[in-house]
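Breakdown of the fold
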Amino acid sequence: MKQVVILSFLLLLSSIGWAQPFNEYVLLKGVVDDAKNKSKLGGASIQIKGANNGTIADLNGAFSLYTKPGTIQLEISYLGYRDTVLELQLEAGAVRNLQIHLSSSTPELNSVVIAGYLQGQAKALNQQKNADNIRNIISSDQIGRFPDPNAAEALQRVPGVNIERDQGEGRYVLVRGLAPQFTNININGEQIPSPEADVRFVALDAIPSDQLASIEVSKTLSPDMDGDAVGGSVNLITRMAQSKLPHINGSIAGGYNAIMKQPNWQGQLQFDQRLGKKEKLGILLNGNYYLNQLGSDNWEQAPNDKELELRDYELTRTRSGLSGTIDYRFNNRHEIYFRGIYSRFTDREWRRRYVFITEDEEVEKLTKDRFESQSITAVNLGGKHRFNGFYLNYEGQYSSGIQNTPYDHEVAFIADLPSSYSVTGGKFPQLIADGYTNSSKYEFDEVAYGGSYAKDQNATVKFEIGIPYRTGASTGTLKFGAKARFKQKSYTISNDVYGADAGVPTADAFDEAPIKSEFLKGRFDMGRPINMGRFNRFFNANPGLFELDVESKSIDEALESFDAKENVVAGFLMTRHQFSKLVLTGGFRFEHTDVSYNSKDVLIDAAGDLEAIRPVSGTSSYSFLLPQVQAKYELSKYTNLRASVASSYARPNFGEIIPAQEINREDRVANLGNPSLKPTSALNLDLMLEHYFGNVGIASAGVFYKKLDDFIYRRVIFNGSYPLTGTPIIPRIDIIQAQNGNTANLVGLEFAFQRKLDFLPGYLSKLSLYTNYTYTHSKATIQSRDADETKPDATEKFRLPGQATHVGNLALAYENKKLVVRIAANFNGEYLSEVGGNSSEDLYIKSRMQLDFSGSYAVSQRFRLFAEALNLTNQPFESYFGSKSVVAQREFYRSWARFGLKFDLGFGK
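Residues numbered from 1 in each chain as written. Predicted model: local features only at pLDDT ≥ 70, side-chain atom pairs only at ≥ 80, totals over all residues. Heavy atoms only, no water.

1. A few points about the overall build of the protein
Rules: Going along the chain from the N terminus, every DSSP run of H or I of four or more residues is numbered as a helix, and every run of E of two or more is numbered as a strand. In this treatment the radius of gyration is a C-alpha quantity, and the globule benchmark scales as 2.2 Å times the residue count to the 0.38 power. Burial classes follow relative accessibility: with a 1.4 Å probe on protein chains only, a residue under 20% of its type's maximum area counts as buried, one over 50% as exposed, and anything between as partly exposed. Note on contacts: a residue pair is in contact if any heavy atoms of the two residues lie within 4.5 Å.
For the protein, the count of helices and strands is seven helices and 47 strands. The C-alpha radius of gyration of the protein comes to 29 Å, within 12% of the 29 Å expected for a compact globule of 909 residues. Structurally, the protein occupies a C-alpha span of about 95 × 70 × 45 Å along its principal axes. Per-residue burial over the protein gives 58% buried out of 909 residues. Across the protein, every contact between residues at least 6 apart in sequence was considered, and the portion connecting residues at least 24 apart equals 71%.

2. Focus on the confidence of the model for the protein
Test applied: For every residue, the predictor assigns a confidence score, pLDDT, that lies between 0 and 100.
Confidence in the prediction of the protein, expressed as mean pLDDT, is 88, and 95% of residues score 70 or more. Under a pLDDT of 50 for its full length, residues 108-116 has, in the predicted model, 29 contacts with residues more than four places off or in other chains.

3. A word on a negative patch on the surface
Cut-off, in case you're wondering: Distance thresholds for patches are 9 Å for like charges and 5 Å for nonpolar side chains (Val, Leu, Ile, Met, Phe, Trp, Tyr), applied to residues having over 30% relative accessible area and no salt bridge. Every accessible area reported is derived by Shrake-Rupley at a probe size of 1.4 Å, with residue values counting cover from the shown protein chains alone. Throughout this description, the term salt bridge denotes a Lys or Arg side-chain nitrogen within 4 Å of a carboxyl oxygen of Asp or Glu. In this charge count, Lys and Arg are treated as positive and Asp and Glu as negative; neither His nor the chain ends contribute. A charge is said to be at NZ when it belongs to Lys, at CZ for Arg, at CG for Asp and at CD for Glu.
The grouping of Asp445, Glu446, Asp501, Glu547, Asp549, Glu551 and Asp609 at the surface amounts to a negative patch. Position of Asp609 relative to the elements: it lies in the loop between strand S29 (582-604) and strand S30 (610-636).

4. Overview of the pattern of salt bridges
One pass over the full model with this rule turns up 58 salt bridges. In this structure, Arg135 and Glu216 form a salt bridge, with 3.6 Å as the shortest nitrogen-oxygen distance. On the criterion of sequence distance, the pair formed by Arg135 in strand S9 (residues 135-139) and Glu216 in strand S14 (residues 212-218) is long-range, its members being 81 residues apart. Relative accessible area serves as the criterion here: at 13%, Glu216 is assigned to the buried category. The partner of Glu750 in a salt bridge is Lys219, and the shortest N-O contact between them spans 3.1 Å.

5. Structural notes on the sheet that holds strand S7 (residues 84-90)
Keep this limit in mind: The rule for pairing is simple: two strands pair if DSSP sees at least two bridges between them. Here an angle of 0 to 180 degrees is reported between the N-to-C directions of two axes, which are lines fitted to C-alpha atoms, with helices fitted over the stretch in contact.
The four strands are arranged S4-S3-S6-S7 in an open sheet whose pairing can be described as antiparallel. Unpaired on one side and paired on the other, strand S4 (54-56) and S7 mark the two borders of the sheet. Across the sheet, the mean angle from the axis of one strand to that of its neighbour is 20 degrees, orientation sign disregarded. Two strands pair when backbone bridges link them, and strand S3 (residues 45-48) and strand S6 (residues 70-77) are joined in this way by four bridges, in the antiparallel orientation. For Ser45, the partnering residue across the bridge sits in S6 and is Ser77.

6. Points about the sheet that holds strand S12 (residues 183-187)
A sheet is described by the order of its strands in space; here five strands give the open sequence S9-S14-S15-S12-S13, paired in mixed fashion. Each edge of the open sheet carries a strand with a single partner, namely S9 and strand S13 (190-191). Both S12 and S13 contribute to a ladder of two bridges, which runs antiparallel. Paired with Ile187 across the two strands is Glu190, which belongs to S13.

7. Describing the packing of aromatic side chains
Our working definition: Here a pair means two rings of Phe, Tyr or Trp (six-membered ring of Trp) with centres within 6.5 Å. Their orientation is stacked below 30 degrees between planes, edge-to-face above 60, and tilted elsewhere. Only when the NZ of Lys or the CZ of Arg is both within 6 Å of the ring centre and within 35 degrees of the ring normal is a charge said to sit over the ring.
Inspection of every chain in the model, using the stated rule, returns 30 aromatic pairs. For the pair Tyr449 and Tyr498, a centre-to-centre distance of 6.3 Å together with 65 degrees between the ring planes defines the contact as edge-to-face. With a gap of 49 residues between them, Tyr449 in strand S25 (residues 443-471) and Tyr498 in strand S26 (residues 474-499) connect regions that are remote in the sequence. Per residue, the accessibility class of Tyr449 equals that of Tyr498, and both read buried. Put simply, the rings of Phe413, Phe444, Tyr449, Tyr498, Phe510, Phe535, Phe538, Phe539 and Phe546 pair up and form one aromatic cluster. Cation over ring: Arg755 sits above Phe693, and NZ or CZ is 4.5 Å from the ring centre.

8. Quick look at helix H5 (residues 532-541)
Short version of the rule: The arc in question is the one spanned by the directions pointing from the helix axis to the C-beta atoms. In the analysis that follows, any N or O atom pair within 3.5 Å is treated as a polar contact, provided that within protein one partner can donate a hydrogen and the other can accept it, and provided that, for residues neighboring in sequence, both atoms belong to side chains.
Among the residues making up H5, those that are buried are Met532, Phe535, Asn536, Phe538 and Phe539. Burial along H5 is one-sided: seen end-on, the buried residues are contained in an arc of 160 degrees. Of the residues in H5, the exposed ones pointing more than 90 degrees away from the buried face are Arg537, Asn540 and Ala541. Looking at the buried positions of H5, the neighbouring elements they touch are strand S21 (362-387), strand S22 (390-415), S25 and S26. For H5, the N-terminal cap is Asn531; the gap from its side-chain oxygen to the backbone nitrogen of Gly533 is 3.0 Å.

9. A short note on unusual backbone geometry
Look at Glu361: it is not a glycine, yet its phi comes out positive at around 55 degrees. Structurally, Glu361 can be placed in the loop between strand S20 (334-357) and S21. The residue Asp710 is not glycine, and still its phi comes out positive at about 55 degrees. Note on placement: Asp710 falls in strand S35 (residues 697-722).

10. Brief notes about the environment of Gly231
Residue position: Gly231 is located in the loop between S14 and strand S15 (232-238). Considered as a pair, Gly231 and Ile137 are 94 residues apart in the sequence and their alpha carbons are 16 Å apart. In contact with Gly231, not counting residues within four places along its chain, are Val175, Arg176, Leu178, Phe182, Thr183 and Lys706.

11. Thoughts on a nonpolar patch on the surface
A surface patch of nonpolar side chains, about 870 Å² in accessible area, is lined by Tyr633, Leu635, Leu641, Leu687, Leu689, Val703, Val747, Leu749, Phe751, Tyr773 and Tyr775. Put simply, the parts of the chain that give the nonpolar patch at least two residues each are S30, strand S34 (680-693), strand S36 (730-756) and strand S37 (767-783). Inspection of the secondary structure puts Tyr775 in strand S37. The exposure class of Tyr775 is partly exposed, given its relative accessible area of 30%.

12. Quick notes on the environment of Leu610
Within the secondary structure layout, Leu610 lies in strand S30. Residue classification places Leu610 among the partly exposed residues on the basis of a relative accessible area of 26%. Distance in space between the C-alpha atoms of Leu610 and Ile555 is 7.7 Å, their sequence separation being 55 residues. With residues near it in sequence (within four places) discarded, Leu610 still touches Glu551, Ser554, Ile555, Val602, Leu603 and Ile604.

13. Points about the pairing of strand S45 (residues 877-881)
Most of S45 sits out of view: four of its five residues are buried. Relative to S45, strand S42 (residues 843-845) is paired through three bridges, and the arrangement is antiparallel. Residue Leu843 lies in a different strand from S45, and its bridge partner there is Phe881. As paired strands, S45 and strand S46 (residues 887-892) are joined by four bridges and run antiparallel to one another. Looking at S46, one finds that Phe877 is bridged to Glu891.

14. Focus: helix H6 (residues 550-560)
All of the buried residues along H6 are Ile555, Ala558 and Leu559. Down the axis, H6 shows its buried residues gathered within 95 degrees of arc, on one side only. Contacts made by the buried residues of H6 are with S29, S30 and strand S32 (661-664).

15. Remarks on the nonpolar core
Defined as follows: Among buried residues, those of type Ala, Val, Leu, Ile, Met, Phe, Trp, Tyr and Cys that are joined through side-chain atoms within 4.5 Å constitute a nonpolar core.
Residues Tyr436 and Phe535 are the most contacted members of the largest nonpolar core, which totals 35 residues. If you tally residues by element for this core, the top one is H5, at four residues. Setting aside residues up to four positions removed in sequence, Tyr436 forms contacts with Leu310, Tyr354, Phe356, Leu417, Leu431, Tyr442, Phe524 and Asp525.

16. Some remarks on the side chain of Asn772
Within the element layout of this structure, Asn772 appears in strand S37. Given the relative accessible area of 5%, Asn772 is considered buried. A polar atom in the side chain of Asn772 sits 3.1 Å from the backbone oxygen of Arg157.

17. What about the environment of Ser243?
Mapped onto the fold, Ser243 is located in the loop between S15 and strand S16 (247-257). Overall, the relative accessible area of 10% leaves Ser243 in the buried class.

18. A few points about the pairing of S29
Of the pairings in the sheet, the one linking strand S28 (residues 562-578) to S29 comprises 16 bridges and is antiparallel in character. When the bridges of S29 are listed, Ala564 appears paired with Tyr597. Count of turn residues in the S28/S29 antiparallel hairpin: three residues. Strand direction decides the pairing type here: S29 and S30, joined by 23 bridges, are antiparallel. From the neighbouring strand, Leu603 faces S30, where its bridge partner is Ala612. Linking S29 to S30, which pair antiparallel, is a turn of five residues; within it Gly608 sits at a positive phi near 90 degrees. The pairing of S29 with S32 spans four bridges and is classified as parallel. Each residue of the ladder has a partner; that of Ile604, found in S32, is Asn664.

Next up, the structure:
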């Protein structure tokens with residue numbers, strides 16, 4: 001870390017101490033686009049020949065560059081296009097506005113269908129090639145070529161990215177072998193809060209992919225980025241208006257889910273236009289709606305308890321979004337913008353299950369009916385200004401994440417029935433349980449009526465100032481800025497559990513027809529499930545039969561509910577210095593965080609009864625100085641060598657730091673939150689070699705290493721006292737708490753290759769290959785699960801949760817002038833999901849390969865038919881305890897597909 005600080009300091013010192021500002025300057029501003037269809041070429045390189053001075057066009061093809069007056073040659077380059085050189089005569093103090101049109105060097109870029117695909121791929125690769133840090137970019141056109149309806153599933157195609165799934169759909173993102181809490185999620189460059197109660201990371205199945213212009217995955221950080229990202233930083237970028245002509249595009253599709261035999265629907269519509277003679281005002285509005293009726297067949301076991309579950313899921317999910325942008329360009333120097341996005345994800349779940357409790361000779365029959373919605377809102381208001389000798393950018397953002405579960409109902413009936421089962425070969429259990437589908441044998445046990453509401457809000461303000469300078473023949477930019485973010489997070493629940501002594505009919509009084517004709521392809525009979533609505537009507541008509549468990553309600557609601565505040569202030573100082581073929585970027589970022597929490601303690605007395613509920617509060621603060629240095633060396637026009645040394649950190653999840661505590665004197669165990677828990681700090685080393693192909697493609701290889709300090713783990717303090725500080729109330733009690741103190745190391749290798757195989761003969765030249773592979777290995781030290789009073793400091797080593805050894809993608813596409821067909825395989829490697837009480841209880845998610853298909857056919861220049869199919873081979877979700885022979889869960893989703901029409905109107909077509 002000392003070397004990183006020294007290197008960052010020397011880089012800043014050289015830029016400040018020996019730099020000379022542009023006393024006489026010219027401001028070049030402009031837009032780079034395609035000469036034929038006028039689509040903007042984001043990521044284009046703009047360089048002054050013979051001088052170490054240049055810049056990169058943003059996502060919308062716009063650029064600005066300070067340079068000295070006189071005669072210059074401006075070179076513009078872009079993968080898949082012919083280089084263009086402009087000779088310009090520049091006068092001191094002037095602002096020169098340029099409209100640069102590039103012509104394709106690849107015939108396919110001018111064809112009817114391939115234009116969208118190759119231009120989208122070219123835009124992403126150009127931004128990736130010219131970026132100062134190591135990053136991967138996927139454009140909206142690339143997203144549309146894979147059957148990925150949400151942002152998480154689009155990200156699974158990126159090298160080094162693994163995803164967690166829920167009911168077959170991608171949800172959480174794991175970057176470079178680290179769990180979701182090690183990656184921050186941004187919209188338009190600013191972090192968004194999590195709708196979920198006790199975590200920071202965001203479920204990206206709530207973000208529709210067709211709301212996005214592109215997705216950036218930054219695997220190394222620069223000082224102008226938030227420092228709380230160890231795995232990486234994901235930035236979701238919404239769209240902006242591009243053309244003075246009105247532009248309308250969209251899609252409509254319908255589909256079918258094989259396991260539920262139900263349809264699904266999708267629609268998206270976008271309008272954008274730049275208005276006025278000089279196109280100063282830009283307006284864009286984009287909306288979408290997606291309805292999916294899906295389900296799963298699931299079996300699970302708890303081998304230590306000798307329990308087996310059969311679970312039948314039926315779900316209706318919707319994903320809707322609305323985004324818009326208004327931007328106004330006053331002149332060549334000044335512009336302001338407003339960008340907003342709202343997305344809403346709803347999940348109506350019906351779960352029917354049997355629980356075979358073999359040791360007690362009981363079988364439970366349960367039905368759950370739950371509705372949950374998650375919404376994410378983000379609005380950004382900001383401006384960009386170019387003054388004499390410096391520029392100023394500023395922005396304010398408000399964002400919120402809300403998870404609302406207005407009802408979560410589950411009713412349980414129980415029967416005295418013997419059962420036994422065995423799992424042979426790890427595929428399906430062999431079950432013996434005579435008469436378990438006979439509902440008349442099941443008597444009422446309990447019914448739970450619950451609900452919850454979680455809200456997380458961020459209010460952020462920030463600014464940055466950049467000053468161009470010269471040091472001899474080379475140029476650079478000195479940049480500094482500051483940010484303040486104010487977070488409020490709260491969570492409340494209700495949980496009413498009712499029992500009954502008599503008077504409630506057996507389960508057959510609430511029977512409904514089977515939902516599916518077969519379960520797990522007919523291997524098991526799920527009988528007639530309980531109709532939750534029918535039971536609720538009985539409950540409402542007979543309230544006197546039921547008794548509320550007041551003590552359980554008080555305990556659950558006290559333990560779960562909390563509110564928290566978190567204030568973050570940050571500042572940075574950095575430089576970007578360009579030599580002949582070398583670009584150095586580095587500096588320092590400082591972040592300070594103050595946190596406060598309010599929750600409740602719950603004490604259970606020696607008899608197992610509720611003793612007390614006490615309000616508590618906790619506060620903490622921490623600061624980080626983060627040195628970061630990155631280098632990009634241009635070995636040739638199409639080849640870069642990159643290196644990075646940077647420090648970063650990851651904040652603890654709220655569930656670990658809220659001071660809620662459960663003290664159980666009967667079991668002599670206390671579960672405590674830890675408001676003093678430190679974030680995990682990390683030293684990150686990266687080296688990457690990348691070669692780009694002129695016909696749009698890339699081959700890259702890289703290695704990365706991460707050293708994590710203050711790694712967070714669950715520790716047991718044997719025979720401790722409660723509380724841990726101050727006067728003891730309860731002596732000699734085992735305390736379980738998330739604590740710091742241990743270290744972890746992670747190393748990885750990353751490879752990627754994608755290009756059109758036009759060097760092959762005949763029809764093979766129409767093939768394109770997209771593939772990547774990432775290998776990671778980790779080792780963490782924690783308190784041994786075999787530790788006890790005699791050896792409390794014993795340790796053991798294990799792999800980091802979320803770290804998959806192997807992750808990869810392979811896609812092969814065939815493309816001609818009108819037809820594109822692609823088969824894509826995604827491999828999610830095995831990883832540790834939960835650390836158990838001992839190694840045999842560690843829960844692992846088994847590796848899974850999903851095979852998907854997509855294809856499209858251009859009916860005309862404006863209309864394209866498309867078809868998509870997912871999970872063609874019915875790959876299950878599988879987990880196991882400790883050893884692969886001890887299966888914990890197997891869940892099947894079957895395949896689902898959709899067929900539709902995409903249209904693109906405008907741009908003079």
